[in-house]
Each structure stands twice: as C-alpha cells, then as structure tokens.
Amino acid sequence: MPGPDKEELSLHSELRLFNAFHVPELKLWLLPPDAPSWHAPDPSKLGMPYWAFAWPGGVALARYVLDHPEVVRGKHVLDFGSGCAIEAIAAARAGAKFVLCSDIDPQALKAGERNAAQNGVTLRATTTDLMGVELHGVDVLLVGDVCYDEAIAQRLIPWLRAQAARGITVLVGDPLRVSGALEGAEVLATHDCPFDGDPRGTTLWPTQVLRIA
Ligand SMILES: C[S@@+](CC[C@H](N)C(=O)[O-])C[C@H]1O[C@@H](n2cnc3c(N)ncnc32)[C@H](O)[C@@H]1O
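Residues numbered from 1 in each chain as written. Predicted model: local features only at pLDDT ≥ 70, side-chain atom pairs only at ≥ 80, totals over all residues. Heavy atoms only, no water.

Caption draft 1: Layout of the overall build of the protein chain. A count of helical and extended segments in the protein chain gives five helices and nine strands. Written out in order from the N terminus, the α and β elements of the protein chain read α-β-β-α-β-α-β-α-β-β-α-β-β-β. C-alpha extents for the protein chain along the principal axes are approximately 50 × 35 × 30 Å. Burial status across the protein chain gives 53% buried among its 213 residues. (Helix = DSSP H or I, 4+ residues; strand = E, 2+ residues; numbered from the N terminus. Buried < 20%, exposed > 50% of the residue type's maximum accessible area, 1.4 Å probe, protein only.)

Caption draft 2: View of the pattern of salt bridges. Within this structure, the stated rule accounts for four salt bridges. Among the ionic pairs, D145 bridges to R177, the shortest N-O distance being 2.8 Å. Highlighted residues: D145 in the loop between β6 (140-144) and α5 (150-165) and R177 in the loop between β7 (169-174) and β8 (186-194), separated in sequence by 32 residues. By relative accessible area, D145 is classed as buried at 8%. (Salt bridge = Lys/Arg side-chain N within 4 Å of Asp/Glu carboxyl O.)

Caption draft 3: Examining empty space enclosed by the protein more closely. Inspection of every chain in the model, using the stated rule, returns one cavity of 30 Å³ or more. Within this model, the largest cavity holds a volume of roughly 80 Å³. In terms of lining, the largest cavity is formed by N19, A20, F21, L30, F53, A54, V59, P194, G197, D198 and P199. Each residue belonging to the lining of the largest cavity can be placed in one class, and the counts come to eight nonpolar, two polar and one charged. (1 Å grid on protein atoms, 1.4 Å probe; cavity = no way out; pocket = protein on both sides within 12 Å on 5 of 7 lines; lining within 4 Å. Points joined across faces, edges and corners; volume = space filled by probe spheres on them. Nonpolar A, V, L, I, M, F, W, Y, C, P; charged D, E, K, R; others polar.)

Caption draft 4: Looking closely at the site of the ligand. With respect to spatial proximity, 21 residues lie near the ligand, and among them W55, G81, D103, D129 and G144 are the closest. At 3.0 Å from an oxygen atom of the ligand is found a main-chain nitrogen or oxygen belonging to W55. Taking D103, its side chain carries an N or O atom lying 2.6 Å from an oxygen atom of the ligand. Here the ligand is seated within the largest pocket. (Near = heavy atom within 4 Å. Polar contact = N/O pair within 3.5 Å; in protein donor to acceptor, adjacent residues only side chain to side chain. Sits in = over half its atoms within 2 Å of the grid points.)

As structure tokens, this is what we get:
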C-alpha cells in the first residue's frame, strides 16, 4: 500500500494546536492561515484539506452539543462528514455512548483520530460513503458544514429527511451556503463562527444549528 505523499506529510507537520474558537473545551490540530503550504508554488496540488480546519457548521454544532449534552448522552452518534471531528469529539465529551466518524477522505479520519486523542476521547471511524444508506443503530446524526454546494445539498437533504422520518435525531450545523436548502428545518441556535478555515476567528459568520424533521 502506498504511504502518504510528501504534500500530506508537510501539511500534517504544519498543523498547530488551537483552543477551538467558541469551543474552548476542545483543543484541535488545525492549519493556521500563515502555514507555508498556502504559499507554496502550487497550493492546488494539496487539494482541499477540509480536515485541517474547523468549519463554521462544525463549530456551531459542537457548541450546541456541549451546551445540550442530553441530546447525545448515552446515545449512538454518527458524525457524517466529520473532517477534523470537532462535533464528534464534542459528542463524546458530552457523554455519547458510541461515536462513529464518517468521512470519504482517509486523511480526515487520521486527523480526527489525532484530535480525539488530544482531547482524551475515543472515536470509531469509517471511509464508507453512507450518503443514501438507510442507517441502523444510530440515534443521533450530526452533520457539520457538509451542505456546501448545490450538488451535495440535492443528495444530502433528502437523505437526512429520510433518516429523520425513521426516528433518528438529525442535527445540522450550517452557515447557509446554499440558499433555501434547509428551509423548514427548526432553528435551535445561532452562533457567530469563524469563517472560513481561520482558527483565530478574524471574520465571524452567523451559523445555525438546525433540526431536520
Ligand atoms: C466542510 S468539511 C466539514 C468538516 C467538519 N464537519 C467541520 O464542520 O469542521 C466537509 C466534509 O465532508 C466530507 N464529505 C463530503 N462528502 C462526503 C460523503 N459522501 N461522506 C462522508 N463525508 C463526506 C468531506 O471530505 C469533508 O471532510
């Protein structure tokens, strides 16, 4: 099996430990805006390392879960599109019985594992694409900032509604990037969260936590 390529290795070495903005209970390894990779001759070669940031949707959701631990306490939780795993770690800290991270990017799961260890929690992880799959054994589905463009919204939202209709509590953290995508969902909270990929929170953006029914 091929090992990680040079770009991945250099990115991991450029991560820095931050108190998560708005979620100071958690420390996360994130990419600072002044990381040399962003100034490399061809940064596009790195692809988009979603896992190297805590996105506003994940930050808002993590804050919500820590403020309302009863939502996940003793429950089986799936963090879909987990990235750096901020909301998964918050769920584990809030007393979830079992937390599974799902991300199609294997680097995300590696990042999530490192962040989980940093925060003293254990997570399970899968790279299986669960979108469209009927979920079993999941009580709470957390979705932080995965509704990031029209194409993904069109597949994601009907799937989330179908899971909610089967009795799963579906909570989404979202800075409303896709107009109207989450219309009709119940707004549980709004937090000003760092936008986008800036762990220091230079620019804040109103970000909702919604329950899909
Ligand atoms: C903007 S990031 C959000 C990460 C994290 N939840 C947060 O808020 O910081 C979106 C994540 O969704 C993941 N993703 C996209 N499509 C997916 C799919 N079908 N299954 C699992 N993960 C997916 C991406 O790899 C990426 O890590």
